[in-house]
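# Secondary and tertiary structure notes
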Amino acid sequence: MSSIFDPDYFITPLSPYSHTFPDPRHAAEEGLLAFGGDLHPDRILKAYRHGIFPWYNPGDPILWWSPDPRLILYPDQLRVNRSFRRILRNRNYTVRFDHDFPAVITACASMPERQERGTWLTSEMQEAYTELHRRGFAHSVEVYEEEALVGGLYGIAMGRAFFGESMFSRTRDGSKIALKALSDVLRGKGYDFIDCQVVSDHLVRLGAVAVPRQQFLEELEAALSSAPELGSWSNYRWEYQDD
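## With respect to the pattern of salt bridges
Counting across every chain of the model gives 13 salt bridges. In this structure, Arg172 and Asp173 form a salt bridge, with 3.5 Å as the shortest nitrogen-oxygen distance. You can call Asp173 buried: its relative accessible area is 14%. Between Asp184 and Lys180 there is a salt bridge, and its shortest N-O distance comes to 3.1 Å.

## Remarks on the environment of Met167
Counting through the fold element by element, Met167 comes out in strand β9 (residues 161-169). By relative accessible area, Met167 is classed as partly exposed at 23%. Linking Met167 and Gln215, residues 48 residues apart in sequence, is a C-alpha distance of 25 Å.

## Regarding helix α1 (residues 41-49)
For α1, the full list of buried residues reads Pro41, Arg43, Ile44, Leu45, Ala47 and Tyr48. In the segment just after α1, Gly51 is the residue with positive phi, at about 75 degrees.

## Quick word on the packing of aromatic side chains
One pass over the structure, following the stated rule, counts 11 aromatic pairs. On the basis of an interplanar angle of 70 degrees and a centroid distance of 5.9 Å, the ring pair of Tyr129 and Tyr154 is categorised as edge-to-face. Of the two residues, Tyr129 sits in helix α5 (residues 123-134) while Tyr154 sits in strand β8 (residues 148-158), which places them 25 residues apart along the sequence. For the pair Tyr129 and Tyr154, one class covers both residues: buried. Between the aromatic rings of Trp233 and Tyr236, the centroid separation amounts to 5.0 Å while the plane-to-plane angle is 20 degrees, which identifies the pairing as stacked. With respect to burial, Trp233 and Tyr236 carry one shared label: buried. Clustering of aromatic rings is evident, with ring pairs tying together Phe97, Phe162, Trp233 and Tyr236. The ring of Tyr144 has Arg96 sitting right over it, with the charged end atom 4.7 Å from the ring centre. A cation over an aromatic ring shows up here: Lys176 above the ring of Phe84, its NZ or CZ 4.4 Å from the ring centre.

## Observations regarding the sheet that holds strand β2 (residues 32-36)
Strands belonging to one sheet form pairs held by backbone hydrogen bonds; the direction of such a pair is parallel or antiparallel. Strand order in the open sheet formed by 4 strands is β1-β2-β4-β3, with mixed pairing between adjacent strands. Unpaired on one side and paired on the other, β1 (12-14) and β3 (53-54) mark the two borders of the sheet. Of the pairings in the sheet, the one linking β3 to strand β4 (residues 63-65) comprises 2 bridges and is antiparallel in character. Bridge pairing in β4 places Phe53 opposite Trp65. Across the sheet, α1 touches β1, β3 and β4, and the angle it forms with β4 is around 25 degrees.

## Some words on the nonpolar core
Core analysis: the largest hydrophobic core is formed by 49 residues, its most contacted members being Ile44, Trp64, Tyr129, Tyr154 and Ile156. The dominant element in this core, judged by the number of residues it contributes, is helix α3 (residues 101-109), at 6 residues. Discounting chain neighbours no more than four positions away, the residues touching Ile44 are Leu39, Trp64, Ala128, Tyr129, Leu132 and Ile156. Among the nonpolar cores identified, the runner-up in size contains 33 residues, and Val150, Tyr191, Leu203 and Trp233 belong to it.

Definitions and limits used
- Residues numbered from 1 in each chain as written.
- Predicted model: local features only at pLDDT ≥ 70, side-chain atom pairs only at ≥ 80, totals over all residues.
- Heavy atoms only, no water.
- Salt bridge = Lys/Arg side-chain N within 4 Å of Asp/Glu carboxyl O.
- Buried < 20%, exposed > 50% of the residue type's maximum accessible area, 1.4 Å probe, protein only.
- Helix = DSSP H or I, 4+ residues; strand = E, 2+ residues; numbered from the N terminus.
- Phe/Tyr/Trp six-rings, centres within 6.5 Å; stacked < 30°, edge-to-face > 60°.
- Lys NZ or Arg CZ within 6 Å of the ring centre and 35° of its normal.
- Pairing = 2+ DSSP bridges.
- Contact = heavy atoms within 4.5 Å.
- Axes fitted to C-alpha atoms, helices over the stretch in contact; angles between N-to-C directions.
- Core = buried A, V, L, I, M, F, W, Y, C linked by side-chain atoms within 4.5 Å.

Just distances and angles here, no functional claims.
Here it is as structure tokens:
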């Protein structure tokens, strides 16, 4: 497999007039596949259908990635340790779905650690995913303490796959509660996996597993064989039940 540091590695430029992507199996071992194009919602959806996602820094061209390995979480394999179970049982929080998508994506972009090193969630990215939310593809999970938003996540649902994009916490385990709620709801609805994109020690500790890109693409093809369930998730409900 080639690397982006190989002198002869060619990164494919995308046409502004076509939403065609190169085969993700040809991506560099670091995952970089192509650059350019735009963030039109139709292009983004086509990218996800092929196991590709945008990820770039402000001022850079749009970069498109398909990592190898790929980190995924099967909804029934989220680990809940004893201390987290106690937090879940306390029930001093409320979980809502699609209640305030713009607030969630803004919070994800505004986390202090992202501000320090420059966030990849540019204003253009936020606008694109907010439009996907309006179209019924992008969804948010919010965790509230009283009426204060203290944690959450967002991503894209297609077929039986959920593509996780980002999460945030303003209190201990805020994002973990959101992930637990999402995992339970997706398990009940027969989803195959949550795509976590790149390997993260934090998510591995929670039960996510790194799989070869080829395996991910095969599982993705199977997951997309089901028709997408479009529309708002605002009627979804979740409360913790001891496993």
